[in-house]
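# Coordinate inspection notes
Each chain, letter by letter, is given below.
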Amino acid sequence: MAKIAIVYFSGYGHTAKQAEAVRAGAESVTNSEVGVYRINEVGDLPSGASEELDLADAIVYGSPTYMGGPAWQFKKFADNSAKAFFARRWKDKLAAGFTNSAFINGDKYSTIQYFWTLSQQHGQVWVGTGLLSANMKANHPADVNWTAGFGGALAVSPSDASPEEAPRSGDLETATLLGRRVAELATRLP
């Protein structure tokens, strides 16, 4: 049984929807067990989550992109992962990431790159989306990978959209496919 951990922060609920899509994708894979750990408003994990991350085969990171990077609550979690870093407890685990912001670009890739750097400090193996982008005139936000995220799943939630309205279906399906890919790879590893 491959254990997949999704650890994320969500400020207004949009990134939480993305996290649930990642969960759905990972849970769709036979022999996968998924834990979801939401970082709270003061940057703390739920009780027992750190131990669960240590036991996971894969960790998927998520945060909205605020001012060109992850939310400070996620950064606090990352800083607090130093004990796992020094003990190499996350070494050789798979890693992936997802982010959301109000802008089409919004420097989302800076957040994915932050997750990638964190994963490399921990000695993890990064998993990208493995998806082609929807880059034709006929494509629109309902298409998979419309935002062209190769390093991680990217989503757009307009600033006046509620979590019921955004992220849009294509972005949520992209997150689902990322979760499925991570779980499929995790089940193949010894």
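Here the structure is a predicted model, which is why all the values come from computation and not from measurement. (Residues numbered from 1 in each chain as written. Predicted model: local features only at pLDDT ≥ 70, side-chain atom pairs only at ≥ 80, totals over all residues. Heavy atoms only, no water.)

## Points about the nonpolar core
Selection criterion: For our purposes a nonpolar core is just a set of buried Ala, Val, Leu, Ile, Met, Phe, Trp, Tyr and Cys residues, chained together by side-chain atoms within 4.5 Å. Note on exposure labels: buried denotes an accessible area under 20% of the residue type's maximum, exposed denotes more than 50%, and partly exposed covers the range between, all computed with a 1.4 Å probe on protein chains only. Here a strand is any run of E in DSSP of at least two residues, a helix any run of H or I of at least four, and the numbering for each starts at the N terminus. Note on contacts: a residue pair is in contact if any heavy atoms of the two residues lie within 4.5 Å.
Ranked by size, the top nonpolar core spans 24 residues in total, and within it Ile4, Ile6, Val60, Phe98 and Val182 carry the most contacts. Within the residue set of this core, elements represented by two or more residues are β1 (2-8), α1 (14-27), β3 (58-66), β5 (94-101) and α6 (169-188). The dominant element in this core, judged by the number of residues it contributes, is α6, at 6 residues. Non-local contacts of Ile6, meaning those with residues more than four positions away in its chain, are made with Ala19, Val22, Arg23, Val34, Gly35, Val36, Tyr37, Val60 and Phe98. Membership of the second largest hydrophobic core comes to 22 residues, among which are Ala5, Val7, Ile39 and Leu118.

## A closer look at the pattern of salt bridges
We apply this condition: For salt bridges, the criterion is a side-chain nitrogen of Lys or Arg within 4 Å of an Asp or Glu carboxyl oxygen.
Considering all chains together, one arrives at 6 salt bridges under this definition. Note that Asp92 and Lys91 form a salt bridge whose closest N and O atoms lie 3.6 Å from each other. On the accessibility criterion, Lys91 (44% relative accessible area) is partly exposed. Here the residues in one salt-bridge network are Glu20, Arg23 and Glu27, joined through shared partners.

## A look at the packing of helix α3 (residues 72-80) against helix α5 (residues 108-121)
In a pair of packed helices, the angle between the axes and the distance between the axes together describe the arrangement. Here is the rule we go by: Note on geometry: axes are C-alpha line fits, over the in-contact stretch for helices, and angles between N-to-C directions span 0 to 180 degrees. For classification, angles of less than 35 degrees are called roughly parallel, those exceeding 145 degrees roughly antiparallel, those between 65 and 115 degrees roughly perpendicular, and all remaining angles oblique. The classification used treats Ala, Val, Leu, Ile, Met, Phe, Trp, Tyr, Cys and Pro as nonpolar, Asp, Glu, Lys and Arg as charged, and all other residues, Gly among them, as polar.
For the pair α3 and α5, interaxial distance at closest approach is 11 Å and the crossing angle is 10 degrees. Between α3 and α5, the crossing angle belongs to the class labelled roughly parallel. Listed contacts from α5 to Phe74, Lys75 and Ala78 of α3 are Tyr114, Phe115 and Leu118. Split into classes, the residues belonging to the contact of α3 with α5 amount to 5 nonpolar, no polar and 1 charged.

## Quick word on the packing of α1 against α6
In plain terms, the rule: What makes a crossing left-handed is the near helix being turned counterclockwise from the far one by less than a right angle; a clockwise turn instead makes it right-handed.
At their nearest, the axes of α1 and α6 sit 6 Å apart, and the two run at 40 degrees to each other. Of the possible angle classes, the one that applies to α1 and α6 is oblique. When the axes of α1 and α6 are compared, the crossing they make is right-handed. Touching Lys17, Gln18, Ala21, Val22, Gly25 and Ala26 of α1 are Leu172, Ala175, Thr176, Gly179, Arg180 and Ala183, all from α6. Considered class by class, the residues forming the contact of α1 with α6 number 6 nonpolar, 4 polar and 2 charged.

## Considering the side chain of Ser157
To be explicit about the condition: We call two N or O atoms a polar contact when they sit within 3.5 Å, provided that within protein one can donate a hydrogen and the other can accept it, with sequence-adjacent residues counted only if both atoms are side-chain atoms.
Within the secondary structure, Ser157 is located in the loop between β7 (153-156) and α6. Judged by relative accessible area, Ser157 falls into the buried class, the value being 4%. At 3.0 Å, the side chain of Ser157 and the side chain of Asn100 are in polar contact.

Nothing here speaks to function; it is all geometry.
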